[in-house]
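Inside the fold
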Amino acid sequence: MQVLESIVTGINSGNLEGLMPLYESEAAFATQPGSLAPGLSGISEALTGFISMKGKLDLAVTRVLEVDDLALVIGVWSFDGTGPDGEPVRLAARNADVLRRQTDGTWRFVIDNPWGTD
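Described below are features of the structure shown in this document. These figures come from a predicted structure and were not determined experimentally.

Overview of the environment of Thr48
Tracing the chain through its elements places Thr48 in helix H3 (residues 39-52). Considering only alpha carbons, one finds Thr48 and Asn15, 33 residues apart in sequence, at a separation of 9.4 Å.

Things to note about the sheet that holds strand S2 (residues 35-38)
Read from one edge of the open sheet, six strands run S2-S1-S6-S5-S4-S3, paired in mixed fashion. Lying at the two open borders of the sheet, with one neighbouring strand each, are S2 and strand S3 (56-67). Looking at each pair of strands side by side, their axes are set apart by 30° on average, direction ignored. Across the sheet, helix H1 (residues 2-13) is in contact with strand S1 (23-32), S3, strand S4 (70-82), strand S5 (88-101) and strand S6 (107-112); its angle to S3 comes to roughly 160°. Contacts from H3 reach S1, S2, S4 and S5 within the one sheet, and its direction differs from that of S1 by about 50°.

Some details on the pairing of S3
Both S3 and S4 contribute to a ladder of eleven bridges, which runs antiparallel. Counterpart to Glu66 in the pairing with S4 is Ala71. Where S3 hands over to S4, the hairpin turn is made up of two residues, of which Asp68 adopts a positive phi near 50°.

Some details on the pairing of S5
Of the strand pairs in this sheet, S4 and S5 are connected by 13 bridges, and their pairing is antiparallel. Looking at the pairing, Leu72 lines up with Val98 of S5. Between S4 and S5, which pair antiparallel and follow one another directly, the connecting turn spans five residues, one of which, Gly86, has a positive phi of 85°. The antiparallel pairing of S5 with S6 creates a hairpin that spans five residues between the two strands, and Gly105 there sits at a positive phi of about 95°.

Let's talk about the packing of aromatic side chains
In total, this model carries five aromatic pairs according to the counting rule given. Ring geometry for Tyr23 against Phe109: centres 4.9 Å apart, planes inclined by 20°, an arrangement best described as stacked. With a gap of 86 residues between them, Tyr23 in strand S1 and Phe109 in strand S6 connect regions that are remote in the sequence. The exposure class assigned to Tyr23 is buried, which follows from its relative accessible area of 2%. The class of Phe109 is buried, set by a relative accessible area of 1%. An angle of 75° between the planes, with centres 6.2 Å apart, marks the rings of Phe50 and Trp77 as edge-to-face. Of the two residues, Phe50 is situated in helix H3 and Trp77 in strand S4; the sequence distance between them amounts to 27 residues. For the pair formed by Phe50 and Trp77, the shared burial category is buried.

Cut-offs used in this document
- Along each chain, numbering runs from 1 in the same order as the chain's sequence is written.
- Only residues with pLDDT of at least 70 get local features here, since the model is predicted, and only at 80 or more are side-chain atom pairs given and counted; chain-wide, interface and lining totals rely on the full set of residues.
- Water and hydrogen atoms were dropped before computing side-chain values, which therefore reflect all heavy atoms in the structure.
- Secondary structure counts use DSSP, requiring at least four H or I residues in a row for a helix and at least two E residues in a row for a strand, with both numbered from the N terminus.
- Paired strands are those between which DSSP finds at least two bridges.
- To get an axis, fit a line to the C-alpha atoms, keeping to the stretch in contact for a helix; angles then go from 0 to 180 degrees between the N-to-C directions.
- By the convention used here, residues are in contact when the closest approach between their heavy atoms is within 4.5 Å.
- Aromatic contacts are taken between Phe, Tyr and Trp rings whose centres are within 6.5 Å, Trp giving its six-membered ring; a plane angle under 30 degrees counts as stacked, one over 60 as edge-to-face, and the others as tilted.
- The buried label goes to any residue with under 20% of its type's maximum accessible area, the exposed label to any with over 50%, and the partly exposed label to all in between, with areas taken from a 1.4 Å probe on protein chains only.

As structure tokens, then:
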């Protein structure tokens, strides 16, 4: 799905403004397993955390399950960046995201869950 490629490009280039249109206005971002940051302000804050580490995100979509205008997108990702203390940060997990097809045919995140089933 193009929207997942756009997330990778946006995070890797540090383009927060380019990332925000990939989310519905009532979407949420899982900042940690079981914890959702709701709305565009919560999403912006979560994405800013990734971008601030000036790292590289790699993502491979492994499965897409589609029903009508909803999709469950499952993949595996890794991120290598630098923490606020200057130390290397490596994150990796399997994502499980919910997206909705918009009236123009594009897809947007409803739930961005980088932590999958954890």
